[in-house]
Amino acid sequence: MTKMGNGGMKRWSFHGNEELDAAASITVRGVLAKVMSNLNPEDHRAVIPLGHGDPSAFSCFRTAAVAEEAVFDALRSRKFNSYAPTVGILPARRAIAKYVSHGLPYKVSPDDVFLTIGCEQAIEVIIKVLAVPGANILLPRPGYTYYEAQAAANHLEFRYFDLLPDKGWEVDLEGVKALADENTAAIVIINPGNPCGSVFTHDHLRKVAETARMLGILVISDEVYGHLAFGSNPFVPMGVFGSTTPVITLGSLSKRWIVPGWRLGWLVTNDPNDILHKSGVVESIVSSLNISSDPATFIQGAVPQIIEKTTDDFFSNIIGILRETADLCFERIEDIPCLTCPRKPEGSMFAMVKLNLSLLEDIEDDMDFCMKLCKEESVIVLPGFAVGKKNWVRITFANEQPSLEDGFGRIKDFYQRHAK
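Residues numbered from 1 in each chain as written. Predicted model: local features only at pLDDT ≥ 70, side-chain atom pairs only at ≥ 80, totals over all residues. Heavy atoms only, no water.

Undergrad: Could you give me a rundown of the overall build of the chain, with the residues and numbers involved?
TA: For the chain, the helix and strand inventory stands at 14 helices and 16 strands. Radius of gyration (C-alpha) of the chain: 22 Å, near the 22 Å computed for a compact globule of 420 residues. Dimensions of the chain, computed from C-alpha atoms along their principal axes, come out at roughly 70 × 60 × 55 Å. By sequence separation, contacts in the chain at least 24 residues apart represent 74% of the contacts at least 6 residues apart. Roughly 18600 Å² of accessible area belongs to the chain as shown, and the carbon and sulfur atoms make up 51% of that amount. (Helix = DSSP H or I, 4+ residues; strand = E, 2+ residues; numbered from the N terminus. Rg over C-alpha atoms; globule rule 2.2 N^0.38 Å. Contact = heavy atoms within 4.5 Å. Areas by Shrake-Rupley, 256 points an atom, 1.4 Å probe, with all protein chains shown as cover.)

Shown next as structure tokens:
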């Protein structure tokens, strides 16, 4: 009820969606925004962003010149000023099909590729497709909480399985078997790992696929950090096992090309046995795209040139930088007693780090640690509860080395000031 100017009361028939608000509150963006709200305006030092996976602002992570030129060429051609087809323009889908077919025992067709506004829209699409009454999906813990947010917003039940830090953050497959029931539709894996920095072996992915087949569920393989592997395990696309169980691969240009703002992603069905067509999943993917927005057409128009002309030297340089900054991150963490990283990162842009609160005065939990670190040192890290791991933090090493050195120096100062 609201009071009107004439002194009367008026009842309005609309109000905000509290379920949507609750779903949005658990996203990485939402939590980081709350942490950053605690910045001290009187601290004039540079803010050190170690909380999110967007290094595009740093000169050493600039995208390939040929990618920029591809966008210019697409714009100047005036061929991409119109609406695109629902599933994306054919040249872009053909280029992505060829790109994701590398290393697979079969060829992906352009008809298996659906373009999305970044990888997040790909997540939205598949969650909506699976959100039928009574269904549930299995999500990794720790993981990327956008899946939870979308599942909650679409009334899809989600259940957590654990990733095992003492086994290189592998999937707890026995836990997966215990969680699944006749209403389970899919399992989500993220490889290379966000937030763990892990890279699954071929053998472990095979076991994941075999488990999914036994349970009669599909695998949603989030490969937005695909190919960003710099440790002992090479990146293996989950699509290798598409003949074992249906696989839906999610990816984008965002991370490997360092262009998250271009918002070009994809959803790919890896399904040589055509199970996803027969079950109606592909039809529902198209239906979902029919009632949503499309990636900018000129970015779609640039995709073939971006993929075909980017050289291995560009990718090797990015991998080399990430390897060096991951090593630096791991070494500096070892020098701060209240932090423990169970395994050196081997992929993506992140490390999961355990907090030892018993060594700290007046720090209640991971959120309190991050809020006070932000206020006192202008260093941003992500509290672990935002990725399903309370009293841990996620730290990104996709940063310039001097900034990383400065950031970890400030974290050590913070520890010494709060140590018992």
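Undergrad: Describe the nonpolar core, and please don't skip the residues or the numbers.
TA: Among the nonpolar cores identified, the biggest contains 143 residues, and Trp 257, Trp 266 and Phe 369 are the most heavily contacted of them. Examining the composition of this core, we find that 11 residues originate from one element, helix α12 (residues 312-334), more than from any other. (Core = buried A, V, L, I, M, F, W, Y, C linked by side-chain atoms within 4.5 Å. Buried < 20%, exposed > 50% of the residue type's maximum accessible area, 1.4 Å probe, protein only.)

Undergrad: Mind laying out the pairing of strand β16 (residues 392-396), listing which residues take part and the relevant values?
TA: Burial within β16 is extensive, with 5 of its 5 residues counted as buried. Residues Trp 392, Arg 394 and Thr 396 of β16 are buried on one face, and the alternating residues Val 393 and Ile 395, pointing to the opposite face, are buried as well. In this sheet, β16 lies alongside strand β13 (residues 350-355) in antiparallel orientation, the contact comprising 5 bridges. Along β16, the bridge assignment pairs Ala 351 with Ile 395. Pairing of strand β15 (residues 382-383) with β16 involves 2 bridges; the strand directions are antiparallel. Paired with Leu 382 across the two strands is Arg 394, which belongs to β16. (Pairing = 2+ DSSP bridges.)

Undergrad: Could you give an account of the packing of aromatic side chains, naming the residues involved and the relevant values?
TA: Overall, the coordinates contain 12 aromatic pairs when judged by the stated rule. On the numbers, 5.7 Å between centres and 70° between planes, the contact of Phe 158 with Tyr 160 is edge-to-face. The class of Phe 158 is partly exposed, set by a relative accessible area of 25%. For the ring pair Phe 230 and Phe 397, a centre distance of 6.0 Å and an interplane angle of 85° mean the geometry is edge-to-face. Of this pair, Phe 230 sits in the loop between β9 (218-222) and β10 (247-252) while Phe 397 sits in the loop between β16 and α14 (401-418), and the two are 167 residues apart along the sequence. The exposure classification of Phe 230 matches that of Phe 397, with both residues buried. A network of ring pairs unites the aromatic residues Tyr 99, Trp 257, Trp 266, Phe 314 and Phe 315 as a single cluster. Here Arg 256 stacks its cationic end above the ring of Phe 315, 3.6 Å away from the centre of that ring. A cation sits over an aromatic face here: Arg 394 above Phe 350, 3.9 Å from the ring centre. (Phe/Tyr/Trp six-rings, centres within 6.5 Å; stacked < 30°, edge-to-face > 60°. Lys NZ or Arg CZ within 6 Å of the ring centre and 35° of its normal.)

Undergrad: Pulling in residues and values, what's your account of the pairing of strand β4 (residues 113-116)?
TA: The side-chain alternation of β4 yields two buried faces, one formed by Val 113 and Leu 115 and the other by Phe 114 and Thr 116. Of the strand pairs in this sheet, β4 and strand β11 (residues 265-270) are connected by 4 bridges, and their pairing is antiparallel. Directly across from Leu 115, in β11, lies its bridge partner Trp 266.

Undergrad: Kindly report on unusual backbone geometry, identifying the contributing residues and their values.
TA: A cis geometry characterises the amide bond from Asn 191 onward to Pro 192, with omega recorded as -10°. Residue placement: Pro 192 occurs in the loop between β8 (184-190) and α8 (202-215). Cis geometry is found at the peptide bond from Asn 194 to Pro 195, where omega equals 20°. Turning to its location among the elements, Pro 195 is positioned in the loop between β8 and α8. You will see that Trp 169, though not glycine, has its phi angle at about 65°, which is positive. Considering the arrangement of structural elements, one finds Trp 169 in the loop between β6 (157-164) and β7 (170-171). You can call Trp 169 buried: its relative accessible area is 1%. For Asn 391, which is not glycine, the phi dihedral falls at a positive 65°. Positionally, Asn 391 belongs in the loop between β15 and β16.

Undergrad: How would you explain the state of the cysteines if you had to name every residue and give the values?
TA: Each disulfide is one covalent bond, formed between the sulfur atoms of two cysteines. Evaluation of the coordinates by the stated rule reveals 0 disulfides. No disulfide involves Cys 329; its sulfur sits 6.6 Å from the nearest other cysteine sulfur, which is in Cys 341. Here Cys 370 is not cross-linked by a disulfide; its sulfur's nearest cysteine counterpart is in Cys 374, at 9.1 Å. Taking relative accessible area as the criterion, Cys 370 reaches 0% and is therefore assigned buried. (Disulfide = S-S within 2.5 Å.)

Undergrad: Pulling in residues and values, what's your account of the layout of surface pockets?
TA: By volume, the largest pocket amounts to about 780 Å³. Those elements that place two or more of their residues in the lining of the largest pocket are α1 (18-24), α2 (28-36), α5 (118-130) and α6 (146-153). Per-class residue counts for the lining of the largest pocket are 19 nonpolar, 7 polar and 7 charged. Taken as a whole, the second largest pocket holds about 180 Å³ of empty space. Taken together, 14 residues line the second largest pocket, and the ones lying closest to its centre are Val 129, Leu 130, Val 132, Ala 135 and Ala 185. (1 Å grid on protein atoms, 1.4 Å probe; cavity = no way out; pocket = protein on both sides within 12 Å on 5 of 7 lines; lining within 4 Å. Points joined across faces, edges and corners; volume = space filled by probe spheres on them. Nonpolar A, V, L, I, M, F, W, Y, C, P; charged D, E, K, R; others polar.)

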